[in-house]
Structure formats: C-alpha cells, structure tokens
Amino acid sequence: MEMCMGRLARLGYVAGALCFIVSCSFAVFYGVKVVSHKQPVEKGTQQKYKYHLVLVPEELDNEYWRLVEKGAQAAAKKYGVLLEYVGPKQANIDVHLKTIEMAAASKVDGIMTQGLDDQFTPLINRIVEQGIPVVTVDTDTVNSKRLAYIGTDNYYSGYLAGKAMIADTKGKANVAIITGSFYKNHQQERVKGFEDAVKSEKGIHIIDVEESEISRVRAAEKTYQILQNHPNVNAFFGTSALDGVGIAQVVEQYKKPGQIYIISFDTLPETLEYIRKGTIQATVVQEPYQMGYGAVKIMIDIINRKKVPSVVHTDTSILRAKDLPQIRKETGEGR
C-alpha cells in the first residue's frame, strides 16, 4: 500500500513538472510576453458577472490602447461584464492572432480586437462561425464576418489632416509622409485620405513616403534620412501617434523654429507639449475611450440579439495650439 501511494505521489510530481515545462515552452516559443489584465473576481462573487468579454489590442502597454481599455472597463463595470484586456506587450501580429485564438478556445461570450490586415479575416470568420461574436475596434476588417466595427473613419481622418495642412500652409508645401505601416489597413487608409485631400492643390507636392513600424526611434531615423535626401521638404504628416513625436524630435534638433510644418496623430503628452512649443502645428484627435466604451455596449447588444449598426464611427477632429486650454479642461494633461 505504501509503495502504491509512493508511486502515485511521484506521478503527481511528474505531471506537475510537465505542466510547468509546457507553459514555459509556450512563452519561449512565442518570444513575446502575452499578458492578461483581468478584472478582479472576489471569492463567491462570480455570479455578479453577466458576460465574459476579451479585448485584444495591437500593443498592450500603448498609451492609446490604455485609453481604449479605460473606456471598456467603465462600460464593463456598468453592465456587469468580466473584461479581460490581453495581448502582446509589444506589437506582434503572430502573438496577436494567437491571443485571439486562445480567447475563442476559452469559449468567451465575445471578442473585441483590431482587424489589422487580411490575416485576421479567416480567423475572425472561423470564430464567428463557431458562435462567438467579434467586434473590431479602431481598425476594421471589412471583408470579414465581424458583427460590427467601432472606431475612427481612418480615411476621413487622413482627409482631415490633408485639409488642415492646406489651410495652415496656404496650399504650398513639399510634404513627406511617415506612416506606421505600409501594410496595416488603418495606416493605409490615413495615407490615402491625405493624398486625396491634397491632390488637387497645385502647390502641395508629396515628395516621399516612409514607414516607421510604429516606432518613435524609427520615425526619427526616417525623418533625418528624408531631410538629408530631400532638403526641399518643409512639411511632414505622421499617421501614427509615435510618428509625430519622432518627427518633432529631429526637426527641433536640425531645423529652426517655423521652418517645418508638422501634423501628427493623437494626443500623447509629448505631442501636446510639442504643440505647446510650436514644433507640431496640429494633430488629429481620435476618441479611444469612446471606442472602448462603445465596443462593450455593442457587444452586449449583439449577445442579446439586438440589431446593431455594422459601422459606428467615433468622433475625429483637428487640434491646434489655440485648442490646448480646452483639451486640458476636458481631458487633463495625461490624455
């Protein structure tokens, strides 16, 4: 009897060790940390949650996506949702897709995520066919079976940026565009909107388009390269939040104030400071909090079989230095 008990104990130890090895191998294989921020569940209170939803961002610790999460958590608290905010710590398409797959395998009630490129379409289709609704946030995959999209009209936001540049430069500028990605849908749409806005202006010429890979360091490198190769460039458009910051860093270092016009995206603290100093002249303002809150509300309506619009566009506007006192009043410095 003692011998049997000893064998069972050893088997239990081996099983536990194998589980540990498998979990470690998973982390090593993907090479990028997948992090989950769960809403805390106190013992005996699980029944208070009506729905279990997952929000999968492109980049977990991105300030923009923290605002999306903040809006989603506010809605989750109001509507009795257990919300998980989980995904790659740094942008990584493979880990992003794997995280969505894992959420679906967990049989959650709904998944909210970006539809960054065509790789997302078959996965989203498969998940929806399994009976789990998918809502795209910030970036849409229009050819997929997702149930709804909520976020910026990215083409329109690029168009707004182009019109702002026309107004601010009086229709005369040699422009370089630094885009976060040549391949991601929302970045492509912003570039296309901008190009369409300025194409009829004879005094505005797009000299170069470069990719930053959504990195401020890369954006700065590309800005320096452009200024070296094209000294006639006197205006920049950055299509992701970090692009504007990278552009501004280089322009401050190598150009006199007022020599280069910059229009950027989003309202990171650094972006607002550059606007305050006059290095960046304007930025496109999105509403990430509104996206997160609305995504949860739409998902609940879908689960309850209510009719929802296929596309919900959140607000988009242009912010300049004169608008800073108002944005401080409404959202605070950290927005």
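The structure under discussion appears in the preceding block.
Reference entry: report on the structure contained in this document. (Residues numbered from 1 in each chain as written. Predicted model: local features only at pLDDT ≥ 70, side-chain atom pairs only at ≥ 80, totals over all residues. Heavy atoms only, no water.)

Another aspect to go through is the overall build of the protein. The secondary structure content of the protein amounts to 11 helices and 13 strands. Contacts spanning at least 24 positions in sequence make up 74% of the contacts within the protein whose residues lie at least 6 apart. Per element, the accessible surface of the protein, about 16600 Å² overall, is 55% carbon and sulfur. (Helix = DSSP H or I, 4+ residues; strand = E, 2+ residues; numbered from the N terminus. Contact = heavy atoms within 4.5 Å. Areas by Shrake-Rupley, 256 points an atom, 1.4 Å probe, with all protein chains shown as cover.)

Now for the pattern of salt bridges. A full pass over the atoms with the stated rule returns 18 salt bridges. A salt bridge links E58 to K184; its shortest N-O distance comes to 2.3 Å. Of the two residues, E58 sits in the loop between strand 2 (51–56) and helix 2 (63–79) while K184 sits in the loop between strand 7 (173–179) and helix 6 (185–198), which places them 126 residues apart along the sequence. You can call E58 buried: its relative accessible area is 9%. A salt bridge links R216 to E270; its shortest N-O distance comes to 2.9 Å. Of this pair, R216 sits in helix 7 (residues 216–229) while E270 is found in helix 9 (residues 269–277), placing the two residues 54 residues apart along the sequence. Relative accessible area serves as the criterion here: at 27%, R216 is assigned to the partly exposed category. By relative accessible area, which is 26% here, E270 ends up partly exposed. (Salt bridge = Lys/Arg side-chain N within 4 Å of Asp/Glu carboxyl O. Buried < 20%, exposed > 50% of the residue type's maximum accessible area, 1.4 Å probe, protein only.)

This brings us to the sheet that holds strand 9 (residues 235–238). One key point about sheets: their strands pair by backbone hydrogen bonds, in either a parallel or an antiparallel sense. Taken in spatial order, the 6 strands make up an open sheet running 8-7-9-10-11-13, and their pairing is mixed. One side of each edge strand has no neighbouring strand; the edge strands of this open sheet are strand 8 (204–211) and strand 13 (317–320). Averaged over neighbouring strand pairs, the angle between their axes works out to 20° when direction is ignored. Pairing analysis gives 7 bridges linking strand 7 to strand 8, with the strands arranged parallel. Across the sheet, residue A176 finds its bridge partner in strand 8, namely D208. Of the strands in this sheet, strand 7, strand 8, strand 9 and strand 10 (261–265) touch helix 6, which is tilted by about 170° from strand 7. Together, strand 7, strand 9 and strand 10 form the strand contacts of helix 8 (residues 241–254), whose direction differs from that of strand 10 by roughly 155°. (Pairing = 2+ DSSP bridges. Axes fitted to C-alpha atoms, helices over the stretch in contact; angles between N-to-C directions.)

Remember that the coordinates give geometry; whether it matters functionally is a separate question.
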